[in-house]
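# Descriptive analysis of the structure
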Amino acid sequence: MAAGGTAEAASRAASCERGATVWLTGLPSAGKTTLAFALADRLRAEGHKVEVLDGDEIREFLSKGLGFTREDRHTNVTRIGFVAEKLAGHGVKVLAPVIAPYADSRAAVRELHAAKGTEFLEVHVATPVELCAERDVKGLYARQAAGEISGLTGVDDPYEAPADPELRIQTRGREVADSAAELHAFLTQRGLA
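Structure report, in brief.

Across the six residues of strand 1 (residues 20-25), six count as buried, placing the element largely inside the fold. Neither face of strand 1 is exposed, since Ala-20, Val-22 and Leu-24 on one face and Thr-21, Trp-23 and Thr-25 on the opposite face are all buried. Pairing of strand 1 with strand 3 (residues 93-97) involves five bridges; the strand directions are parallel. Residue pairing across strands places Trp-23 opposite Ala-96, the latter belonging to strand 3. In terms of strand pairing, strand 1 meets strand 4 (residues 120-126) through five bridges, oriented parallel. Bridge assignment links Thr-21 to a residue of strand 4, and that residue is Phe-120.

Quick look at the pattern of salt bridges now. The final tally for this structure, using the stated rule, is 11 salt bridges. A network of salt bridges, in which partner residues are shared, links Arg-106, Arg-110, Glu-122 and Glu-166.

Once that is clear, we can look at the sheet that holds strand 5 (residues 167-170). Strand order across the open sheet formed by five strands is 2-3-1-4-5, with parallel pairing between neighbours. Of all the strands in the sheet, the pair left with one neighbour each is strand 2 (50-52) and strand 5. Within the sheet, the average angular offset between the axes of one strand and its neighbour, ignoring direction, is 20 degrees. Bridge count between strand 4 and strand 5: four bridges; the pairing is parallel. Among the inter-strand pairings, His-124 is bridged to a residue of strand 5, identified as Arg-168. Strands strand 1, strand 2, strand 3, strand 4 and strand 5 of the sheet are contacted by helix 2 (residues 32-45), whose axis makes an angle of about 165 degrees with strand 2. Against the sheet, helix 5 (residues 103-116) makes contact with strand 1 and strand 4, and its axis sits at roughly 155 degrees relative to strand 4, the strand it touches most.

Definitions and limits used
- Residues numbered from 1 in each chain as written.
- Predicted model: local features only at pLDDT ≥ 70, side-chain atom pairs only at ≥ 80, totals over all residues.
- Heavy atoms only, no water.
- Buried < 20%, exposed > 50% of the residue type's maximum accessible area, 1.4 Å probe, protein only.
- Helix = DSSP H or I, 4+ residues; strand = E, 2+ residues; numbered from the N terminus.
- Pairing = 2+ DSSP bridges.
- Salt bridge = Lys/Arg side-chain N within 4 Å of Asp/Glu carboxyl O.
- Axes fitted to C-alpha atoms, helices over the stretch in contact; angles between N-to-C directions.
- Contact = heavy atoms within 4.5 Å.

Structure (structure tokens):
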């Protein structure tokens, strides 16, 4: 019994040392950031080094001045990907709740991680646009409907949903804790939690 407990403790310690980037992509108000922070709390409680790279915070501090053209969105995503890889390469679990609407931008981040030998996991937070519009955490859908803004991802600007993510989480009718538990179980299967 003690030997099994020792092996389990060693396995848990090893998982705490492994870095990886978990990229949560999805529409605005899909629940990406809420899910990331719920998972971060759980991972920290288990002894993992965790950093959440929130897309809104990055835009304010690292990508200030970028607009919402396809080129600017690509630049923003690849900047976040660069920072994520640096942290993950040093044993941090990086949770990146970032829309990243274009498949080629997400592929560029994946390729950067692969070139450095750093694990990259794409998680699609698959919340239907109707539910996102109901949640409308930042009032973006209401502003778009009123004609105050344009270029809203998934409404009048494209969102290219991942064709083959490592995990797709359906959030409709689920509590945040349930989605976070699903993501935690997935990371456990991968030896990361």
